[in-house]
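In case you want the letters, here they are:
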Amino acid sequence: MRRLDEARRLVAHALEKTVDEIAPGGALGTQSGWDSLGHMRIVMSLETELDRTLAAHEIIEIKSLADIAALLASHIAIPG
Amino acid sequence: MTDRWKPGSAVRLETPRFQLASLSRLQAAWHSYAWTSDPLVMHPYGLEAGSWTRRSWHRRLRRFNNRRRFCIGIRPKGGAGLIGYETAEVSSQGVAFIAVMIGDRDWWGKGVVQETRSAVIDFLFENVGCARVWGTPGIRNFPSIFNYQKLGFTCEGTLRQHGWDPATRRRQDYFIFGLLRDEWLEKRKQQAAI
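Conventions adopted
- Residues numbered from 1 in each chain as written.
- Chains lettered and ligands numbered in written order.
- Predicted model: local features only at pLDDT ≥ 70, side-chain atom pairs only at ≥ 80, totals over all residues.
- Heavy atoms only, no water.
- Salt bridge = Lys/Arg side-chain N within 4 Å of Asp/Glu carboxyl O.
- Helix = DSSP H or I, 4+ residues; strand = E, 2+ residues; numbered from the N terminus.
- Buried < 20%, exposed > 50% of the residue type's maximum accessible area, 1.4 Å probe, protein only.
- Contact = heavy atoms within 4.5 Å.
- Buried area = accessible area lost by both parts, 1.4 Å probe.
- Polar contact = N/O pair within 3.5 Å; in protein donor to acceptor, adjacent residues only side chain to side chain.
- Nonpolar A, V, L, I, M, F, W, Y, C, P; charged D, E, K, R; others polar.
- Expected span 1.5 Å × (residues − 1).

Engineer: Give me the pattern of salt bridges: which residues, what numbers.
Structural biologist: When their charged atoms lie close together, side chains carrying opposite charge are able to pair. Tallying each qualifying case throughout the model produces 13 salt bridges over all chains. Across the pair A:Glu6 and A:Arg3 runs a salt bridge whose closest N-O atoms are separated by 3.0 Å. Residue A:Glu6 and its partner A:Arg3 are both found in helix α1 (residues 2-15); the two are separated by three residues, about one turn of the helix. A:Arg3 sits in the partly exposed class, given a relative accessible area of 26%. Measuring nitrogen to oxygen at the nearest pair gives 3.7 Å for the salt bridge that ties B:Glu186 to B:Lys189. Of this pair, B:Glu186 and B:Lys189 both sit in helix α6 (residues 181-193), three residues apart, which is roughly one turn of that helix. Residue B:Glu186 is classed as partly exposed on the basis of its relative accessible area, which comes to 36%. Look at the salt bridges and you will find they share partners, linking A:Arg2, A:Arg3 and A:Glu6 into a network.

Next up, the structure:
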């Protein structure tokens, strides 16, 4: 659930919307503002959050908030 | 949907916001030359920006014959100029390779490709008789990937280090997106039912 909330925040920030405007089931093309440029902003925001460049198989899988949450869950924070 | 088109004759398509019409090589080169200085427009195609002359850009483009090679210009209704064009190259096996360039950045993020590519795909399947349509966006071309996915294309694989990225000065990978005629007709049927 936490990762899904993080995904909603990330997408909201990328699309310049409030978190409430991002439906929990938001997906590519159905979420308001998630158009071609919005998709670019989402992917680039995700790479910034993960601090790495996404691999081709990861890029192609980004179609919904759940996909973004799954990628965020795979990110393991290294204690400083 | 188009009036009955004959091979060799100009293509004319219409969508809610745009008029689409065939361009000759000279017309395409002339109208798009200004875009060749914009790296954001050119780099996704593996092309340098700013180094083209009118002659070299004209020579870079293919000859279009409206039989197997098409260049279809996109103009907003209401008299504005060319904002981009769709190209299609059809093999003898009925497979169309497509690409699009929207050179007028004021139209980016406004659903142009979704609308115009749908009309071009209809034309390729219904009038040209293609069995398959495919394209190859760079794996970092996120807007293009979005457009292929939203139109129902399937990612069939990756062409590794298939081209050159002028922005990074490195080789880059490309995705292969394909769409079959039956898949498109089913999608259109579902859209009509909504």
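Next comes the rest of the write-up.
Engineer: So, the side chain of B:Arg117: which residues are in play, and what are the values?
Structural biologist: All names here are of chain B. With respect to the helices, strands and loops of the structure, Arg 117 is situated in helix α4 (residues 112-128). Taking the relative accessible area as the measure of exposure, Arg 117 reaches 2% and is therefore buried. Sequence-distant contacts of Arg 117, defined by excluding residues within four places in its chain, comprise Glu 86, Ile 98, Ala 99, Val 100, Val 112, Tyr 148 and Leu 151.

Engineer: Give a detailed account of the interface of chain A and chain B, specifying residues and quantitative values.
Structural biologist: Accessible area lost on assembly of the parts is the figure often given for the size of an interface. The partner chain B presents 14 residues to the 18 residues of chain A that form the contact. Taking both sides of the interface into account, the surface hidden between chain A and chain B amounts to around 1,400 Å²; carbon and sulfur atoms contribute 75%. Among the residues chain A hides against chain B, the three largest losses belong to A:Ser36, A:Ile59 and A:Ile60. Together they make up 36% of the total. For the pair chain A and chain B, the interface holds one salt bridge. We note a salt bridge from A:Glu47 to B:Arg140, for which the minimum N-O separation is 2.5 Å. For the pair chain A and chain B, the number of links is two residue pairs in polar contact (both at pLDDT 80 or more). Tallying contributions element by element places helix α2 (residues 36-50) of chain A first for the side of chain A that touches chain B, with seven residues. The residue makeup of the side of chain A that touches chain B, split by class, is 11 nonpolar, four polar and three charged.

Engineer: Please set out α1(A) residue by residue, giving values where relevant.
Structural biologist: Residues and elements named next belong to chain A. When the terminal C-alpha atoms of α1 are compared, their 20 Å separation across 14 residues agrees well with the 20 Å that a helix rising 1.5 Å per residue should span. The set of residues buried in α1 consists of Glu 6, Ala 7, Arg 8, Leu 10, Val 11, Ala 12, Ala 14 and Leu 15. Residues of α1 that are buried make contact with α2 and α4 (65-73). Two residues or fewer past α1, Glu 16 is found with a positive phi of approximately 55°.

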